[in-house]
Amino acid sequence: MKALVISGGGSKGAFAGGVAQYLMEEKKHEYDLMLGTSTGSLLIPHLALGKVDKIREIYTNVNMKNIFNVNPFLVRNRNGMQTVSINHFNVVWQFLRGKRTFGESRKLRKYIRRNFTRQEFETLKASRQNIVVTVTNLARNEVEYKCIRDYNYDAFCDWIWISCNYIPFMSLTTVNGCEYGDGGFSSLVPIREAIERGATEIDVVVLETETLAEPKAVGKNPFSLMVNLFGTLLDQVEKHDIAIGKLAANAKGVKLDFYYTPVALTTNALVFDKEKMAEWWKLGYEYARSKSEIASEIGKM
């Protein structure tokens, strides 16, 4: 059984889309199972349907207004440089309303439903492919995996949305008495889950560099420092997931093929810049192609 696993990574998901496009269109990889966390959960339904052009159009045209109904960030361009700071008005407004998050992402929920139709859901649910998204049950402090075969259209769209909700900057959601958030908090790279579901070959897209090329800049105010801190914590979750995945793969003889970003794409993956995301999609495609060509040359030696 062949599987595709796409990690979380916010706007960096565009890179994963480019990698997947090359693997599916040029290498002719056919997947029986697709697992995604956060941004990966947005990609996999359309990839499974073979609608690469559609999801590329979605990813390379999305902006902050499509995501947030209450945006906790201010993005400014100064002398050709992009700066990100706290939107004090929106954050204070959230506190005055008694909300527990700095921002809200209900627009993303509508965006998902508008671009992933009920007919597409039914087609995918009836197919041989298994589509699984990762969420974090904050009330029980554990990961949960939501399979398309177990839910109706409305519920599965909600799980995709919940998988992307990066707390405390996006919406906190209650389902059946439990509160849920971004799947990356508990399983950023769900390799082991793919193995437990029977995968024998797995293409893994990790939306970070394999090694840290240079020290990361630390936030200059409490808000940006919090973003950096969450990034550090997720880096540790990622390393844990990959280590556990490799151990499970070795134990069961599963072949893993990793695709890391060749460079650090952004310091804030919650900022959605369509021009940069279009560039990252192309970068992902070209990176996958070059990696394949290098592997082919090595195989001839």
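Above: the structure in question.
Quick caveat: nothing in here was measured; it's all calculated off a predicted structure.

**Observations regarding the side chain of T101**
By the element assignment, T101 lies in the loop between α5 (88-96) and α6 (106-115). Of the residues examined, T101 reaches a relative accessible area of 8% and is grouped as buried. A polar contact of 2.8 Å, which involves the side chain of T101, links it to the backbone oxygen of G103. The contact partners of T101, leaving out residues within four places of it in the chain, are Q94, I167, P168, M170 and L172.

**Some points on helix α3 (residues 52-59)**
Restricting attention to buried positions, one finds in α3 the residues V52, I55, I58 and Y59. Projection of α3 onto a plane perpendicular to its axis shows the buried side chains occupying an angular sector of 125°, all on one side.

**Quick look at the packing of aromatic side chains**
Two aromatic rings, taken as a pair, are described by how far apart their centres are and by the angle between their planes. Scanning all chains against the criterion turns up 19 aromatic pairs. Summarising the aromatic geometry, the rings of Y59 and W281 are spaced 6.5 Å apart at their centres and angled 55° between planes, so their arrangement reads as tilted. Of the two residues, Y59 is situated in helix α3 and W281 in helix α11 (residues 274-300); the sequence distance between them amounts to 222 residues. Y59 gets classed as buried once you look at its relative accessible area, which sits at 5%. With centroids separated by 6.1 Å and ring planes inclined at 85°, the aromatic side chains of F95 and F102 adopt a geometry described as edge-to-face. F95 gets classed as exposed once you look at its relative accessible area, which sits at 55%. What links up through ring pairs into an aromatic cluster is the set F68, F73, F95, F102, Y166, F169, F185 and F230. The ring centre of W159 lies 4.3 Å from the NZ or CZ of K146, which sits over that ring. Its guanidinium or amino end placed over the ring of F258, K246 lies 5.3 Å from that ring's centre, counting from NZ or CZ.

Conventions we followed
Residues numbered from 1 in each chain as written. Predicted model: local features only at pLDDT ≥ 70, side-chain atom pairs only at ≥ 80, totals over all residues. Heavy atoms only, no water. Helix = DSSP H or I, 4+ residues; strand = E, 2+ residues; numbered from the N terminus. Buried < 20%, exposed > 50% of the residue type's maximum accessible area, 1.4 Å probe, protein only. Polar contact = N/O pair within 3.5 Å; in protein donor to acceptor, adjacent residues only side chain to side chain. Contact = heavy atoms within 4.5 Å. Arc of directions from axis to C-beta. Phe/Tyr/Trp six-rings, centres within 6.5 Å; stacked < 30°, edge-to-face > 60°. Lys NZ or Arg CZ within 6 Å of the ring centre and 35° of its normal.

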